[in-house]
Amino acid sequence: MKTVVVLQSNYIPWKGYFDLIHDADLFVFYDDLQFTKNDWRNRNKIKTSKGAEWVTIPVGPDKNRLICEVEITDSLWQNKHWMTIRQNYSKTPYYNDYKEFLEDLYLVKKWSNLSELNQYLIRTISRDILCIQTEFKDSREYTLSGKKLDRLLELVIKTNAERYISGPSAKDYIDPSYFHNAGIKLIWKDYYGYPEYLQRYQPFEHRVSILDLLFNVGPDASWYIWGWRKGISKP
C-alpha cells in the first residue's frame, strides 16, 4: 500500500519529523500554506547548559504570506546559529562527523528563502545521513483547488495514496471520515516510547532538533528514531 505523509517544512526538525519521513513512500512538503509566527517553520530548540533554548531565523513580522513566500533578508543569523551550535555541541562524540556539512550550510551557502533552506536541510539529513529512501515532492507540483481539509484530501488523492499518516496534533482539524469515504486509510503517528540517549546536559529532553541526536549518537541515530521498534538490539 502506498503510504504518504504531507507536512510543512520545519527548521532543523526534531527526530519525530524524520520518523514520519521514514514511514512514508512519499513525503510531500506542504509549504504553500499560511506562514504561522512563533512556530516550527523558522525555529527549533537545542540543548544548552541552561536547558532547551530556541534558535530562530529572523523573517520579519509580515503575517500575510505563505511559507514558500517567506524571504530571509538578513544573513547574520547564519553565523550566529553556527556559533551557538558549535558552542553547545563541539564536545559531543560525533560533532566532527557533521561539522563540514554544517559549516557549508551556515558559513558558505547563503539563504534567501525559508522553504528552500528547510527543504534542503530535511532532504540532505534524510538521504545522506539517515539513509532514508523516501521520495520527496512539493505540494506546488500539484494543481489544487480546495481549501483547508478539502485541499489536503485533494492533494493526498492526487498522490495515489492508499494510506495517509498524520501527526497527532492534526486530530484537532482532521475529520477521519473524509479519508474513510475516499478509501484512504488514516493512521495517527504515535511518538511515544523513543529511547533516551546520553545528552550532554541533563535533564533529558526529546523535543529538540535532530542535530542533538546526531551529535550524540552519530551513525546509531536511526536506531533511536525507528530501529528500536523493530526489535533490533541496541547499538
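Scroll up to find the structure this text is about.
Thresholds applied
- Residues numbered from 1 in each chain as written.
- Predicted model: local features only at pLDDT ≥ 70, side-chain atom pairs only at ≥ 80, totals over all residues.
- Heavy atoms only, no water.
- Salt bridge = Lys/Arg side-chain N within 4 Å of Asp/Glu carboxyl O.
- Helix = DSSP H or I, 4+ residues; strand = E, 2+ residues; numbered from the N terminus.
- Core = buried A, V, L, I, M, F, W, Y, C linked by side-chain atoms within 4.5 Å.
- Buried < 20%, exposed > 50% of the residue type's maximum accessible area, 1.4 Å probe, protein only.
- Pairing = 2+ DSSP bridges.
- Axes fitted to C-alpha atoms, helices over the stretch in contact; angles between N-to-C directions.
- Contact = heavy atoms within 4.5 Å.
- Phe/Tyr/Trp six-rings, centres within 6.5 Å; stacked < 30°, edge-to-face > 60°.
- Lys NZ or Arg CZ within 6 Å of the ring centre and 35° of its normal.
- 1 Å grid on protein atoms, 1.4 Å probe; cavity = no way out; pocket = protein on both sides within 12 Å on 5 of 7 lines; lining within 4 Å.
- Points joined across faces, edges and corners; volume = space filled by probe spheres on them.
- Nonpolar A, V, L, I, M, F, W, Y, C, P; charged D, E, K, R; others polar.

Asks: So what exactly am I meant to see when it comes to the pattern of salt bridges here?
Replies: If charged atoms from side chains of opposite charge come close, those side chains can pair. Using the criterion set out here, one finds eight salt bridges in the structure. Taking the shortest distance from any N to any O, the salt bridge between D19 and K189 comes out at 3.1 Å. In this pair, D19 sits in helix α1 (residues 15–23) while K189 sits in the loop between β7 (185–188) and α7 (210–217), placing the two residues 170 residues apart along the sequence. With its nearest N and O atoms 2.8 Å apart, the salt bridge here joins D32 to R151. In this pair, D32 is assigned in the loop between β2 (26–29) and β3 (43–48) and R151 in helix α5 (residues 148–158), connecting sequence segments 119 residues apart. Via salt bridges that share partners, D19, D23, K189 and R229 belong to a single interconnected network.

Asks: Just to check I follow, could you spell out the nonpolar core for this structure?
Replies: Nonpolar side chains in soluble globular proteins generally cluster together in the buried interior. Ranked by internal contacts, the top residues of the largest apolar core, which has 55 residues, are Y11, L102, Y106, L117 and L130. Of all the secondary-structure elements, those providing two or more residues to this core are α1, β2, α2 (76–89), α3 (95–108), α4 (114–129), α7 and α8 (221–225). The next biggest cluster of nonpolar side chains, apart from the first, holds 19 residues, and it includes Y30, L153, F179 and L186.

Asks: Could you clarify how one ought to interpret the sheet that holds strand β6 (residues 163–166) in this entry?
Replies: Strand pairing in a sheet takes place through backbone hydrogen bonds and is either antiparallel or parallel in direction. Ordered in space as β5-β2-β1-β6-β7, the five strands form an open sheet in which the pairing is parallel. Of all strands in the sheet, those bounded by a partner on one side alone are β5 (135–138) and β7. Direction aside, neighbouring strands of the sheet carry axes that sit 25 degrees apart on average. Of the pairings in the sheet, the one linking strand β1 (residues 3–7) to β2 comprises four bridges and is parallel in character. Its bridge partner lying in β2, V5 is registered against F27. Set on the sheet, α4 makes contact with β2 and β5; between it and β5 the angle comes to about 170 degrees. Sheet contacts for α5: β1, β2 and β6; angle to β1, the most-contacted strand, approximately 140 degrees.

Asks: Looking at this model, I keep getting lost on the environment of I21. Mind explaining?
Replies: With respect to the helices and strands, I21 occurs in helix α1. Each C-alpha atom, one on I21 and one on S126, is 7.9 Å from the other, the two residues being 105 residues apart in sequence. The contact partners of I21, leaving out residues within four places of it in the chain, are F27, I122, S126, I132, T134 and F136.

Asks: Help me understand unusual backbone geometry in this model?
Replies: In this chain, Q202 is followed by P203 through a cis amide linkage whose omega measures 0 degrees. Secondary-structure assignment places P203 in the loop between β7 and α7. Unusually for a residue other than glycine, C131 sits at a positive phi of about 60 degrees. Even without being a glycine, K148 presents a positive backbone phi close to 50 degrees. Its relative accessible area of 77% is what places K148 among the exposed residues.

Asks: Would you mind going over the packing of aromatic side chains with me for this structure?
Replies: Both the distance between ring centres and the angle between the ring planes are used here to describe each pair of aromatic rings. A complete count under the given rule lists 22 aromatic pairs for this structure. Between Y194 and W228 the ring centres are 6.2 Å apart and the planes differ by 70 degrees, which places this aromatic pair in the edge-to-face class. With Y194 in the loop between β7 and α7 and W228 in the segment after α8, the pair connects residues that are 34 residues apart, well separated along the chain. On the basis of relative accessibility, which here comes to 7%, the residue Y194 falls in the buried class. Between the aromatic rings of Y197 and F204, the centroid separation amounts to 5.0 Å while the plane-to-plane angle is 85 degrees, which identifies the pairing as edge-to-face. A residue is classified by how much of its surface remains accessible, and F204, at 14% relative accessible area, is buried. Through a chain of ring-to-ring contacts, three or more aromatic side chains come together here, namely Y11, W77, W82, Y89, Y95, Y98, Y106 and F215. Looking at R43, its charged tip hangs above the ring of W54, at a distance of 3.6 Å from the centre. Over the aromatic face of W14 sits the side chain of R207, whose NZ or CZ is 4.2 Å from the ring centroid.

Asks: For this particular structure, what's the right way to read the layout of surface pockets?
Replies: Over the atoms rolls a probe the size of a water molecule, and its path tells where empty space is left. When its volume is computed, the largest pocket comes out at roughly 870 Å³. Taken together, 32 residues line the largest pocket, and the ones lying closest to its centre are L7, Q8, R41, S169 and Y173. Elements with a contribution of two residues or more to the lining of the largest pocket: β1, α1, α5 and β6. The biggest single contributor to the lining of the largest pocket is α5, with four residues. Of the residues belonging to the lining of the largest pocket, the class tally is 19 nonpolar, seven polar and six charged.

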